[in-house]
Every structure is written in C-alpha cells, then in structure tokens.
Amino acid sequence: MNKKTIAIIIFLTSISLIGIVITQLFWVRNAIKMKERQFYHRVSIALKSTVEQLSDIRKDTSHNNFTSVCKPGCSMITENIVSVIKPASLDSIIKDEFANMNIQMKYEYGVFRKSDSNFIIGANNNFKNEIIKSEHFTSLSCLWKPDSYVLGVYFPDEKNFLIGEMFGWLFISALFLLIVIFSFSYIMLSLVKQKKISEMKTDFVNNMTHEFKTPIATISLASEMLLKPSINELPSKTEKYANIIYDENNRLKNQVEQVLQIAVLDKGNFKLKKTEVNLHEIIELAVDNFEMIVKQRCGKIIKHLDASMATFFADPIHITNIIHNMLDNANKYSPEPPEITVSTKNIEKGIILSIEDRGIGIIRENQKHIYKKFYRVHTGNIHDVKGFGLGLYYVKIIVEAHGGSIKLHSEIKKGTRFEIYFPFIKN
Ligand SMILES: Nc1ncnc2c1ncn2[C@@H]1O[C@H](COP(=O)(O)OP(=O)(O)OP(=O)(O)O)[C@@H](O)[C@H]1O
Ligand SMILES: [Mg+2]
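Within each chain, residues carry numbers counting from 1 in the order of the written sequence. As a convention, the first chain written is A and the first ligand written is 1, with the rest following in written order. In keeping with the predicted nature of the model, local features appear solely for residues at pLDDT of at least 70, side-chain atom pairs appear and are counted solely at 80 or more, and the whole-chain, interface and lining totals rest on all residues. Based on all heavy atoms of the structure, the side-chain values leave hydrogens and waters out of the count.

**Regarding the side chain of Glu108**
Here comes step 1: The way it works is that DSSP assigns letters per residue, a run of H or I at least four long becomes a helix, a run of E at least two long becomes a strand, and they are numbered from the N terminus. Considering the arrangement of structural elements, one finds Glu108 in strand β1 (residues 108–113).
Here comes step 2: Note on classification: 1.4 Å probe, protein chains only; a residue is buried when its accessible area is under 20% of the maximum for its type, exposed when over 50%, partly exposed between these limits. Here the positive residues are Lys and Arg and the negative ones are Asp and Glu; neither His nor the chain ends is included. The term salt bridge refers to a side-chain nitrogen of Lys or Arg lying within 4 Å of a carboxyl oxygen of Asp or Glu. Here Glu108 sits buried without a salt bridge, and the closest side chain of opposite charge, Lys106, lies 4.2 Å off (N-O distance).
Here comes step 3: Non-local contacts of Glu108, meaning those with residues more than four positions away in its chain, are made with Asn125, Phe127, Ile131, Gly152, Val153, Tyr154 and Pro156. Between two residues, a contact is recorded if the distance between any of their heavy atoms is within 4.5 Å.

**A closer look at the sheet that holds strand β6 (residues 300–305)**
Here comes step 1: Here, any two strands with at least 2 DSSP bridges between them count as paired. Strand order in the open sheet formed by five strands is β6-β8-β9-β11-β10, with mixed pairing between adjacent strands. Each having just a single partner strand, β6 and β10 (405–411) make up the two edges of the open sheet. Neighbour-to-neighbour, the strand axes of this sheet turn through a mean angle of 15°, independent of strand direction.
Here comes step 2: Judged from the seven bridges that link them, strand β8 (residues 339–347) and strand β9 (residues 350–357) form a sheet pairing that is antiparallel. Note on β9: the bridge partner recorded for Thr344 is Leu353.
Here comes step 3: Lines fitted to C-alpha atoms define the axes, with helix axes restricted to the stretch in contact, and inter-axis angles between N-to-C directions lie between 0 and 180 degrees. Along the sheet, helix α7 (residues 279–296) contacts β6, β8 and β9; its crossing angle with β6, the most-contacted strand, is approximately 170°.

**Regarding the site of ligand 1**
Here comes step 1: Near ligand 1, the surroundings consist of 20 residues, among which Tyr333, Asp357, Arg376, Leu390 and Leu392 are the closest.
Here comes step 2: N or O atoms within 3.5 Å of each other form a polar contact, as long as, within protein, one can give a hydrogen and the other can take it, and as long as residues adjacent in sequence are counted only when both atoms are side-chain atoms. Gln258 is positioned such that a nitrogen or oxygen atom in its side chain is 3.3 Å from an oxygen atom of ligand 1.
Here comes step 3: Note on areas: Shrake-Rupley with a 1.4 Å probe; residue coverage comes only from the protein chains shown. Contact with the protein chains covers 97% of the free accessible surface of ligand 1, which is 600 Å².
Here comes step 4: Elements that contribute at least two residues to the shell around ligand 1 include exactly α8 (316–332), α10 (391–401) and β11 (415–423).
Here comes step 5: Of the residues in the shell around ligand 1, the class split is 10 nonpolar, seven polar and three charged. Any residue with a non-hydrogen atom lying within 4 Å of a molecule or strand is treated as near it. All amino acids are sorted into three groups, where Ala, Val, Leu, Ile, Met, Phe, Trp, Tyr, Cys and Pro are nonpolar, Asp, Glu, Lys and Arg are charged, and the leftover types, Gly among them, are polar.

**Things to note about the environment of Asp56**
Here comes step 1: Tracing the backbone through its elements, the reader meets Asp56 in helix α1 (residues 3–66).
Here comes step 2: Taking the C-alpha atoms as reference points, Asp56 and Asn250, separated by 194 residues in sequence, lie 112 Å from one another.

**What to know about the packing of aromatic side chains**
Here comes step 1: Note on ring pairs: Phe, Tyr and Trp rings are taken, using the six-membered ring of Trp, and paired if centres are within 6.5 Å. Classes follow the plane angle, with under 30 degrees stacked, over 60 edge-to-face and the rest tilted. Under the definition given, this model contains 14 aromatic pairs.
Here comes step 2: Taken together, a centroid distance of 6.3 Å and an interplanar angle of 20° make the contact between Phe182 and Tyr186 stacked. Taken together, the residues Phe182 and Tyr186, both in helix α5 (residues 158–227) and four residues apart, mark about one turn of the helix.
Here comes step 3: Of the aromatic side chains, those joined through ring pairs into one cluster are Phe39, Phe98, Tyr107, Tyr109, Phe155 and Phe161.
Here comes step 4: Look at NZ for Lys and CZ for Arg. If either is within 6 Å of the ring centre and within 35 degrees of the ring normal, a charge sits over the ring. The side chain of Lys396 reaches across the aromatic face of Tyr371, ending 5.7 Å from its centre.

**Digging into the pairing of β10**
Here comes step 1: Burial along β10 is one-sided: Ile406, Leu408 and Ser410 are buried, and none of Ser405, Lys407, His409 and Glu411, which face the opposite way, are.
Here comes step 2: Relative to β11, β10 runs antiparallel, the two sharing seven bridges. Bridging across to β11, Glu411 finds its partner in Gly415.
Here comes step 3: Between the end of β10 and the start of β11, which pair antiparallel, lie three residues, with Lys413 showing a positive phi angle near 65°.

**Describing the sheet that holds strand β4 (residues 149–154)**
Sheet strands pair by backbone hydrogen bonding; their relative direction is either parallel or antiparallel.
Here comes step 1: Spatially, β2-β1-β4-β3 is the arrangement adopted by the four strands of the open sheet, whose pairing is antiparallel. Among the strands making up the open sheet, the edge pair consists of β2 (119–121) and β3 (136–139). Each adjacent strand pair in this sheet contributes to an overall mean axis angle of 30°, direction not counted.
Here comes step 2: As defined by bridge partners, β3 adjoins β4 across four bridges and the pair is classed as antiparallel. Looking at β4, one finds that Thr138 is bridged to Leu151.
Here comes step 3: Sheet strands touched by helix α3 (residues 87–100): β1, β2 and β4. Its angle to β1, the strand with the most contacts, is close to 130°.

Written out as structure tokens, the structure is:
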C-alpha cells in the first residue's frame, strides 16, 4: 500500500469516526429528551388525576353540606381554599398518583396563588422558588374560582434521574466508541510501523545484494585470471589472485555470519558462554586488529584504559564483536582521517567502556532509532558507507543480555560517544 492510499484511508476513517461520534451524541441527546418528555407526560397525568380526585372529593362534600346552594365546580364565598383542598388529602392523593405512574423520585410540592406567588400549601417549603419556576404544574381553577391557584411540583433529582436512567446506554455507547477509536489507532499505528519495517527490509535486501556482489565479482575475476594458461608461468601472480580470492571469501563469510547471527538473536535462543574476561585484553586485541584499517586512512586510535577492575564475567566472542562493531562505526562514520578514543573507567558496580569519534554525528531525532534492526540514518551522500543497519541492534541485545546498558552522546558534525556499561555480575 502506498503512502497516499494510507493517508486517504486514515483521513476517511477519521472523518467517519468523528461522524459516528457526532451521530451518537445526537442520538443520546434525543433519547434523553424523549425520556424527559415521557417523564413530563407521566407527571402531568398524575397531577391531572390528583386534581380530578380533589374535585370528586369536593363534589361529595358540597353535595352533602351545601346541596341546595352550591353547584358542582363552583365555590362558596364563605369557604376557604384550604378547606377545599385539604393539605392531608392532597398529600396522600399526590403520593398515590405518583406511585400509580411509577414516579419514585423525591418531590416537593406547593399550592400557590398565580398572581402573587403566595403559598397556601407548602409555605414552609425550602424549594418555594423552584416550585414556582417548575414546569410541572396544573391549574386548580376548577376547584377554586375566586383566585387562580396552581399546584406545582418540583423534583430536586430530576436531571440526575434522567441521566441515571440513560447511564447504562451512555456507558455502553461510550465504551464501544472508545474500543473502536483505540482499535483504529492501534491498526493505523501498526500499519505505519509495518510499512517502515518493510521499507527497511527492502533497503537491507538491496544493501546485502550490493555488499555480496562486490566480493563475488572480485572472486570471479580473480578465478578467471587463475584459469588462464599463462598464469602458470607467473607464480607471484598466482599467489596474488589466490590471496584475493581468500580475502574476499573471508569477507563474504563474515558478512553471511553477521546476518546469520542476527537471525539467531531474533529467535531469542542464543546462549552466552560466560567466563572471566579481562576487558582491557579484549580491547587491546581488537584495537590491534582494527588499527591497520584506521591507519590506512591516516587516522589513529587512542586508548585510555583507566579502569582498575577490568575483569568481569562475559562472553569473550560477543564482547570482541561489540568492540569491533563500535570501532567499525567510528571509522565508517568519520569522513576525515578518523580519531577514535577508546576508554574504560570503573563505576561502583561495573565498568564503562566508551568509544568516541569525531565523525559526522547523529541528529537527536535519529538517535532513538539507531538500535533498531536494519535502521540506517538516511543522508544524501552516505552511499559510499556500507552496512546492513544491524551492528548496533546486535550490540544492544548482547549488552543487555550481559545485564548492561548503552548510552549515546552525539553532536552533528562534531562526533559521537557511545558508553557501554557492563555490571560485575556473575550470571
Ligand atoms: N559513530 C557513529 N557516527 C555517526 N553515525 C553512526 C555512528 N554509529 C552508528 N551510526 C548511525 O547509526 C546507524 C546504525 O548503525 P549500525 O552499526 O547498526 O548499522 P551500520 O553501521 O549501518 O551497518 P552494520 O553495522 O550492520 O554494518 C548507521 O547507519 C549510522 O547512520
Ligand atoms: Mg555498524
């Protein structure tokens, strides 16, 4: 998949996800509103029914007491509203009606005059203001005509109740949304990561083919020369070509071994053969072997082996490889005649080996990637510097397998210093 397709997919999916989130929020809002309306409706039925019952009670009493004077629905001037709407009966009717409508929430009610908000029932209520402003009310004009009275109910927990009713659904939809967003981000990150790895692998294969091609071509040329009949008369040339074949073959062998070694590391089943080793001895040997390469480029290797305790338990072959890899990098990434400093020092529980060069340096942004498999810093003119991007990957794994760690200090165009810490542990 190319970069453009990935970008389009990420864009479209992100837009769709935002769309889903907005739609979901819209539906949730609608559902809350619907619940709210249902609740209002239930309260309104309960209030109407309360008034009807009060009205029925009133009719009965009027009938018994004032049959000749009072028509149903009207009021006697001698009457008082509290005698018409008895607080005790109102209380029990409201309670029954709310129970009938399955309204189990805490409520506060009051009866007040519409014109001046004067309470005749519930005057001591703390929620008087809320009752006056409440949207749950019903007129009592059919019970008491002289003034217009209102029965208002206020539910202190109304908002919480409605959200509480929807909480399950809200929670489930938020959870599903989070899962979708998380999975999407995870898949996208993996996709980008996979793409990077595949690019690095392609680089590696190209690199490897290139690296193998040169010795193969040289060997083929040298063997062609050896096959010429005239060569028998020139033994010095025979030796020269045989040496070339031998050296190039060795180079090929080392490269193949390097790649195979990484395959073993990847499987994770490599075993360290630890013995007591002297780091200074290994350094001396590795530097001796490497010095020739550096001197060819008019460079030098400076040693400051200051650690007083240089013996520790380690796998000597791997430690040699580590030093070789570090020297190889210091040399490869120094465009001028290399000046490499190898030093050791002791800290409380181990040894620090540092390898410093005055080469091209590594910019901060790339520093965190250099231990990754196949990673090579991309610079415009680095084609002449060969490598698989495996050296530091190998170094880090082996150092950590010894219980140690690796740190890097680098400044672009000034140089790089790698510090490797080996602890004094036996296992
Ligand atoms: N001393 C250094 N100075 C500047 N850049 C470095 C140095 N050491 C490593 N690097 C950068 O880190 C990258 C990874 O290094 P690493 O040793 O893993 O691979 P390599 O040298 O490219 O190939 P290999 O070691 O497998 O032959 C290098 O390609 C280089 O860009
Ligand atoms: Mg290297």
